[in-house]
Amino acid sequence: MATSAWSSHISSLSLVVVLLLWPSSFPTVAARVDEDICAVPLVKRENRKTIASSDYGTISAVDVDDRYGGSYHLQFFTLEPQSLLIPLHLHVDMVFYVHSGRGTVSWVSDGETIDLEVKRGDIYRIGSGSVFYVRSHPDPLRQKLRIHAIFTTSTSEASPEALVGAYSNLADLVRGFDEGVLRMGFRVSEEVISGLKSAERPLSIVPFTAGNETDGAGWKEGIFEALMGVGRPLGSDNGKKKKEKTKGKAFNILDVEPDVQNCNGQSIAVTDKEFHALKGSDVGVFMVNLTKGSMMGPHWNPRATEIAIVTHGEGMVQVVLPRVASSGERTRECLSWRFRVREGDVFLVSRYHAMAQMSFNNGSLSFVGFSTKVRKNRPQFLAGKRSVLQTLDRDILALSLGVSNTTVDKLLAPQGEAIMLDCTSCAEQEWERMAEDIEKQRRREEEEARRKEEEEARRREEEEAEVRKREEEEEERRREEEEEEEAEARKREEEEEARRREEEEEAEARKREEEEEAETRKREEQESRRREEEEEGPRREEEQMEEEPRRKREEEETERWEEEQRRRQQEEDGETFALRKVA
């Protein structure tokens, strides 16, 4: 027993060490079958997006998705004492809750200026189309004015997707016009408009000292100076009487009796039934405070989605998701969420999702938030006098739960309210389970990574084997082709050699034939010449016998011709001599 207890203690200690070492940015556990569905709708405080920041305050924002097509935009305004959030033009409704500090929220609607003095716990709704601004009051303890706001459309307006942002800067709207338009519209000099256009764009939150608070015109002129970044307000009142401002009244959620309260905590919900300013909006406000080691019992909202902001302490939240059958009767394996929340975190629980919130033994947990579709929403609890199980037939319930009627009787035995429950160490146990789930998830991820690595290695081996096989086949095919080419080359060489030998033999044969033919022709020619010579001898002798008389006659004729020529020459010479002598 001692060994078992010691082992259990070591196991618990190991889980705590794992949780302490585990990054705070990953405090959630859910089966990751579908990342879009199973990802927990939780935004840590450090993950808020900063919209504006100065020495006098900050504006940060959160967009949280319910994973079913709905998205909600929240902003967190923090003003140092004696600071001003310059006028903004609302595009949608703004429902806000004052978390700390004191100040004045003013807005202009239908030509009427409304001033609302606010303090911690106040809630209010400002309609779309209004121009609003916020002043923080001086505070001896330097307590900041913190306002949490959700921006939504009213029930009769278009969806937020059709709009451009939650609001726009009024100074940007004024400065966006041309100088001529501004000069004619405000009926002021060109110098005033030039100063307005050339002034440096002011910060979203600036220092502001109202001076005499009873002088409405004085501090409003100061707001205009801060808004436009100029030394004086644009234009003047021209002697006209200022329109009286209206004092609004907020609803303070801390000043009303809780809907549920006991030693384990309290819960308050505010709808348009309790506060008329929420009329025309589907948004309500709720607040839950859990004492140490307590739990808000398992329940769900049939119509409302809750967007909660942790305002104090830390705790655990468990959400059970509806089992949704998909094609092939397969159910989504992401069945529940379990996550830790700390001050400043934002988490969302959609309608039909059963939830339970728990505080740790060493501290309380408080969260405030906004809920949708609140007018017809009635939270359904699983335990207590108002449990939905009380309305079901016992036999049917036993069959549904898969237990005996005796077990059902024990479950439904008379009991007190089961909304705020004592739940000592429940949060710690959930934390340990979360650590176990984280460890299991880590092991699953490691196993999945190892399996993927093995599959990748196997795939690479198969690919390498396939590559080697293709290379071997290619090499074999290349060798075969080379052998075929070599064989073909040898065949061509042999054929060429054979053809060459045939040609040489043919040439040799032709040469022998030609030589034989030449020899034959030579013999024939010699024989022909011999025969001709044999035939030519008698013929020449006969010709010579016939030629001799002819030759002699020719010689005689030649001699006679020559003699005749000499005679004629002599006669010519004699005549010439006689002529010369006579002369």
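Residues numbered from 1 in each chain as written. Predicted model: local features only at pLDDT ≥ 70, side-chain atom pairs only at ≥ 80, totals over all residues. Heavy atoms only, no water.

The name given to the protein chain in an unreviewed UniProt entry is Cupin type-1 domain-containing protein, with Spirodela intermedia as the source organism.

Draft legend 1. Local environment of the sheet that holds strand S3 (residues 49-54). As summarised here, the arrangement of the seven strands in space is S3-S4-S5-S12-S7-S10-S16, forming an open sheet in which the pairing is antiparallel. Edge positions in the open sheet fall to S3 and strand S16 (251-252), since each of these has one partner strand only. Note: strand S7 (residues 93-100) against strand S10 (residues 122-126), four bridges, orientation antiparallel. Of the residues in S10, the one forming a bridge with Val95 is Arg125. (Pairing = 2+ DSSP bridges. Helix = DSSP H or I, 4+ residues; strand = E, 2+ residues; numbered from the N terminus.)

Draft legend 2. Quick peek at the packing of helix H4 (residues 179-186) against helix H5 (residues 190-198). Two elements in contact, H4 and H5, have axes separated by 10 Å at closest approach and are oriented at 125°. Comparing their axes, H5 and H4 come out oblique. Note that H4 runs across H5; the crossing there is right-handed. Residues Glu179, Leu182 and Arg183 of H4 lie in contact with H5, whose contacting residues are Glu190, Ile193, Ser194, Leu196 and Lys197. Of the residues in the contact of H4 with H5, the class split is three nonpolar, one polar and four charged. (Axes fitted to C-alpha atoms, helices over the stretch in contact; angles between N-to-C directions. Parallel < 35°, antiparallel > 145°, perpendicular 65-115°, else oblique. Left-handed = near helix turned anticlockwise from the far one by under 90°. Contact = heavy atoms within 4.5 Å. Nonpolar A, V, L, I, M, F, W, Y, C, P; charged D, E, K, R; others polar.)

Draft legend 3. Focus on helix H7 (residues 394-401). For H7, the side-chain oxygen to backbone nitrogen distance between the N-cap and Asp395 is 3.0 Å, and the N-cap itself is Asp393. Gly402 occupies a position one or two residues after H7 and carries a positive phi of about 75°. (Polar contact = N/O pair within 3.5 Å; in protein donor to acceptor, adjacent residues only side chain to side chain.)

Draft legend 4. Focus on the pattern of salt bridges. In total, this model carries 43 salt bridges according to the counting rule given. Salt-bridge contacts for Arg550 lead to Glu554; the nearest nitrogen and oxygen are separated by 2.6 Å. One end of the pair, Arg550, and the other, Glu554, are both in helix H9 (residues 426-582), four residues apart, so they sit about a helical turn from each other. Judged by relative accessible area, which is 39%, Glu554 ranks as partly exposed. A single salt-bridge network, built from bridges that share partners, covers Glu475, Glu476, Arg478, Arg479 and Glu482. (Salt bridge = Lys/Arg side-chain N within 4 Å of Asp/Glu carboxyl O. Buried < 20%, exposed > 50% of the residue type's maximum accessible area, 1.4 Å probe, protein only.)

Draft legend 5. Local environment of a negative patch on the surface. Taken together, the side chains of Glu480, Glu481, Glu483, Glu484, Glu485 and Glu486 present a region of like negative charge at the surface. By the secondary structure assignment, Glu486 is in helix H9. (Patch = residues over 30% accessible without salt bridge, like charges linked within 9 Å, V, L, I, M, F, W, Y side chains within 5 Å. Areas by Shrake-Rupley, 256 points an atom, 1.4 Å probe, with all protein chains shown as cover. Lys, Arg positive; Asp, Glu negative; His and termini not counted. Charge placed at Lys NZ, Arg CZ, Asp CG, Glu CD.)

Draft legend 6. Inspection of H5 at higher detail. Every buried residue belonging to H5 is among Val192, Ile193 and Leu196, and all of these are buried. All buried residues of H5 project into a common sector of 95° when viewed along the axis, lining one side. Those residues of H5 that are exposed and angled more than 90 degrees off the buried face are Glu191 and Ser198. (Arc of directions from axis to C-beta.)

Draft legend 7. Just unusual backbone geometry, in detail. A positive phi angle, near 60°, is found at Arg142, a position not held by glycine. Along the chain, Arg142 turns up in the loop between strand S11 (131-136) and strand S12 (145-152). On the basis of relative accessible area, Arg142 is assigned to the partly exposed category, the value being 49%. If you check the backbone angles, Ser425 has positive phi at about 65° while not being a glycine. By secondary structure assignment, the location of Ser425 is in the loop between strand S27 (420-422) and H9.

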